[in-house]
Amino acid sequence: MKRGQVAIVTGAAQGIGLALARQLVKQELRVALFDLQAEKLEAVAEELRQAGGEVRTAVLDVREPERVRDEVDLVAQAHGQLDYIFNNAGIAIAGRVASTTLDDWNRLIDVNIRGVVHGVQAAYPIMQRQGRGHIVNVASVAGLMPCPSLVAYSATKHAVVGLSYGLRAEAAQHGVKVTAVCPGFIDTDLVHHSELRGMDRARAMSGLPKLTTPEACAAAALRGVRKNMAVVVVTGHGKLLSGLQRLSPDLMQTFANWAYRRQVGD
Ligand code: NAD
């Protein structure tokens, strides 16, 4: 990561995206921040400009491919280069599958999968032409293992991991790097205020490990990106469980069955 490089961060108004934006500005990258939340985004941009950052913003919904493409093009044109895109915007809906509606599934798919696809579709051709660039997709440890009570969310994150692995192989031919970042439980609104289906918050939060700060998550993500890792698992708990999944998917499934029974208690 070098001074003057250009990075786009989606979902930058708060949480992990905000922490990434702050650390990129500290490293003197020029940043473009995309988010739905206009007021919060402007406040973040103001804070980062005060800190000496060169910051652009776009209020947009990552579900809209034309808006994403137009804004990514504008960033690349304005700076004459695009070095990183962090496809970070995401939502969570937790709870039992039997209580999850088709609308819930579609919203998760639209934001968490299509939102990432739109970022890739917009940035990859630019990076291919440059012969360099790095696409960073924020998935989750839920994209690496069975996650009862988080099944629909977990399915979207598996898609992001799969997309990232395959694209990494193709993109390497063009000098473009791809990394999937897989955080464990991070202390953000996504954990505290996610929508819940068929389960109360106390139950959904029971058995969660100590939450990691978004700052620590962003720092670990950026270390992994610098090393050009295929997958960056953030948090010790996430490393342990994803390690178990790699070692023995059967054992992990048994553990998931047990954890779900323990959580719902029926
Ligand atoms: P957050 O809710 O604090 O922040 C998400 C940001 O994305 C918000 O600013 C929101 O406005 C924005 N956003 C949501 N939908 C959008 C849309 N359609 N278009 C544009 N912006 C949109 O959550 P977070 O924890 O910082 O999550 C960031 C990413 O990290 C997500 O992809 C999430 O799935 C992933 N993640 C989070 C955790 C965790 O424990 N917090 C764990 C694993 C993965």
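If you're wondering where the values come from, they're calculated on a predicted model, not measured in any experiment. (Residues numbered from 1 in each chain as written. Predicted model: local features only at pLDDT ≥ 70, side-chain atom pairs only at ≥ 80, totals over all residues. Heavy atoms only, no water.)

Moving on: the overall build of the protein chain. A tally of regular secondary structure across the protein chain gives 10 helices and nine strands. The globule rule puts the C-alpha radius of gyration for 266 residues at 18 Å, and the 18 Å found for the protein chain is close to it. Per-residue burial for the protein chain yields a buried fraction of 50% across its 266 residues. A fraction of 72% describes how many contacts in the protein chain between residues 6 or more apart in sequence connect residues 24 or more apart. Looking at the protein chain as shown, the accessible area adds up to about 12,300 Å², and 53% of this sits on carbon and sulfur atoms. Looking at charge distribution, the protein chain has the averaged site of its 30 positive side-chain charges lying 8 Å from that of its 25 negative ones. (Helix = DSSP H or I, 4+ residues; strand = E, 2+ residues; numbered from the N terminus. Rg over C-alpha atoms; globule rule 2.2 N^0.38 Å. Buried < 20%, exposed > 50% of the residue type's maximum accessible area, 1.4 Å probe, protein only. Contact = heavy atoms within 4.5 Å. Areas by Shrake-Rupley, 256 points an atom, 1.4 Å probe, with all protein chains shown as cover. Lys, Arg positive; Asp, Glu negative; His and termini not counted. Charge placed at Lys NZ, Arg CZ, Asp CG, Glu CD.)

Attention now goes to the confidence of the model for the protein chain. Segments scoring low in pLDDT should not have their predicted coordinates read at a detailed level. In this model, the protein chain carries a mean pLDDT of 96, and residues with pLDDT of at least 70 account for 100%. Within the protein chain, no element has a lower average pLDDT than helix α7 (residues 201-205), which sits at 82, and none a higher one than strand β4 (residues 84-87), at 99. (pLDDT = per-residue confidence, 0-100.)

A few words now on the packing of helix α4 (residues 102-130) against helix α5 (residues 151-172). Axis angle and axis distance: for two packed helices, these are the angle between their axes and the distance between the axes, and together they describe the pair. For the pair α4 and α5, the least separation of the axes is 8 Å and the interaxial angle reads 15°. As the angle between them shows, α4 and α5 are arranged roughly parallel. As for how α4 packs across α5, the hand of that crossing is right-handed. For the pair α4 and α5, contact is made by Trp105, Leu108, Ile109, Asn112, Ile113, Val116, Val117, Val120 and Tyr124 and by Val151, Ala152, Tyr153, Ala155, Thr156, Lys157, Ala159, Val160, Leu163, Leu167, Glu170 and Ala171, respectively. Across the contact of α4 with α5, the residue classes break down as 17 nonpolar, two polar and two charged. (Axes fitted to C-alpha atoms, helices over the stretch in contact; angles between N-to-C directions. Parallel < 35°, antiparallel > 145°, perpendicular 65-115°, else oblique. Left-handed = near helix turned anticlockwise from the far one by under 90°. Nonpolar A, V, L, I, M, F, W, Y, C, P; charged D, E, K, R; others polar.)

Attention shifts here to the sheet that holds strand β9 (residues 231-234). Spatial strand order, β3-β2-β1-β4-β6-β7-β9: seven strands in an open sheet with parallel pairing. In this open sheet, the two edge strands, each paired with only one partner strand, are β3 (55-59) and β9. Direction aside, the axes of adjacent strands within the sheet are offset by 15° on average. Both β4 and strand β6 (residues 133-138) contribute to a ladder of four bridges, which runs parallel. Along β6, the bridge assignment pairs Tyr84 with His134. Contacts from helix α3 (residues 65-79) reach β1 (6-10), β2 (30-35), β3 and β4 within the one sheet, and its direction differs from that of β3 by about 165°. Contacts between α5 and the sheet are confined to β6, β7 (176-183) and β9, with β7 contributing the most and set at about 160° to the helix. (Pairing = 2+ DSSP bridges.)

A separate point is helix α9 (residues 236-247). The terminal C-alpha atoms of α9 lie 16 Å apart, and with 12 residues this matches the ideal 16 Å at 1.5 Å per residue to within 8%. All buried positions along α9 are accounted for by Gly238, Leu241, Ser242 and Gln245. Seen along its axis, α9 keeps its buried residues to an arc of 95°; they face one direction. Exposed and facing more than 90 degrees away from the buried side of α9 are Gly236, Lys239, Leu240 and Leu247. (Expected span 1.5 Å × (residues − 1). Arc of directions from axis to C-beta.)

A word on the pairing of β6. β6 sits mainly inside the fold: six of its six residues count as buried. A two-sided burial pattern is seen for β6, the buried positions comprising Gly133, Ile135 and Asn137 on one face and His134, Val136 and Val138 on the other. Relative to β7, β6 runs parallel, the two sharing six bridges. Looking at β7, one finds that Asn137 is bridged to Ala180.

So, about the packing of aromatic side chains. On inspection of all chains with the given rule, the structure shows two aromatic pairs. Between Tyr84 and Phe86, the aromatic rings sit 6.0 Å apart at their centres with planes inclined by 25°, giving stacked as the arrangement. Judged by relative accessible area, which is 9%, Tyr84 ranks as buried. Arranged with centres 5.7 Å apart and planes meeting at 35°, the rings of Phe255 and Trp258 form a pair that is tilted. Here the residue Phe255 and the residue Trp258 both occupy positions in helix α10 (residues 249-264), the gap between them amounting to three residues, near one helical turn. Accessibility expressed as a relative area gives 41% for Trp258, which makes it partly exposed. (Phe/Tyr/Trp six-rings, centres within 6.5 Å; stacked < 30°, edge-to-face > 60°.)

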